[in-house]
Amino acid sequence: MKKNIVVLISGRGSNLESIISAANKKNFPAKISLVISSNRSALGLKIAEKNHIKNFVVEQKEFSNKKLYEEDLIGKIVQQDPSLICLAGYMKILSKKFINKFKDKIINIHPSLLPDYKGLNTHERAIQAGEKYSGCTVHYVTEELDGGKIIAQERILISPSDTPETLSRKVLEREHIIYPKTIELLLS
Ligand code: GAR
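Colleague: Help me out: how do you make sense of the site of the ligand in this one?
Modeller: Every residue close to the ligand is listed here: R12, G13, S14, N15, G89, M91, I109, H110, P111, D146, L172 and E175. In this structure, an oxygen atom belonging to the ligand sits 3.4 Å away from a main-chain N or O atom of I109. Note that a nitrogen atom of the ligand is positioned 3.1 Å from one of the side-chain N or O atoms of H110. For the ligand, whose accessible area on its own is 450 Å², the fraction buried by protein is 89%.

Colleague: What am I meant to see in helix α1 (residues 14-23) here?
Modeller: An α-helix turns once per 3.6 residues; consequently, residues spaced three or four apart project the same way. Taken across its 10 residues, α1 has 8 buried, putting it largely inside the fold. Taken residue by residue, α1 has S14, N15, L16, S18, I19, I20, A22 and A23 as its buried positions. Looking at the buried side of α1, the elements it contacts are β1 (3-9), β2 (30-37), α2 (44-50), β5 (106-110) and α6 (164-187).

Colleague: Would you explain unusual backbone geometry in this entry?
Modeller: Negative phi values dominate among residues other than glycine, just as trans dominates among peptide bonds. Between L114 and the following residue, P115, the backbone shows a cis peptide bond with an omega angle of 15°. Relative to the helices and strands, P115 resides in the loop between β5 and α5 (122-128). Phi at N121 takes a positive value of approximately 50°, unusual for a residue other than glycine. Relative to the helices and strands, N121 resides in the loop between β5 and α5. Positive phi, normally seen in glycine, also occurs at D146, with a value near 55°. As for its position among the elements, D146 is in the loop between β6 (133-140) and β7 (150-157). Judged by relative accessible area, D146 falls into the buried class, the value being 11%.

What counts, and where the lines are drawn
- Residues numbered from 1 in each chain as written.
- Predicted model: local features only at pLDDT ≥ 70, side-chain atom pairs only at ≥ 80, totals over all residues.
- Heavy atoms only, no water.
- Near = heavy atom within 4 Å.
- Polar contact = N/O pair within 3.5 Å; in protein donor to acceptor, adjacent residues only side chain to side chain.
- Areas by Shrake-Rupley, 256 points an atom, 1.4 Å probe, with all protein chains shown as cover.
- Buried < 20%, exposed > 50% of the residue type's maximum accessible area, 1.4 Å probe, protein only.
- Helix = DSSP H or I, 4+ residues; strand = E, 2+ residues; numbered from the N terminus.
- Contact = heavy atoms within 4.5 Å.

Structure below.
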């Protein structure tokens, strides 16, 4: 039987879409049982809908504090008994309490060669610094932003003509391969 995974998103959802495609294959060890978006207008919600995947919007602004927001999230996630929680463009920082609740089960994809370029605007910063390579990294989520143990990483050559947009497209293409592949490896 396929294991459950929960995917957390905040925006476009192209990584979500790549995990859905992989999970649709018979031999993939998991299925997405729930998608939660931190943002009501995330395009990724439409992708979940189109693929008939249960989805919720849980926006922090609906709660009086982050603790209550996360308690709501935890309640919804626990019901799925997930083997993995995959952050896919989920742009919120999770608390220690949340992370400990799902110890070693939360993973994230980040558009840089971690530990370089944690945080935002990774492509812009890599180009500005004259880096030869960029890439993407799948890592465990810990309290330190983009700081958990690295599980998989792909390197991509930055060409002199690259802009943050072209580099982002190139890296994203690789993200769509590396993320489902890593999930498959972890759960097989
Ligand atoms: C992806 O490039 C992902 O690596 C990045 O956001 C984008 C989401 O795209 N994540 C982070 O920067 C997390 N620190 P998507 O919504 O189309 O999957």
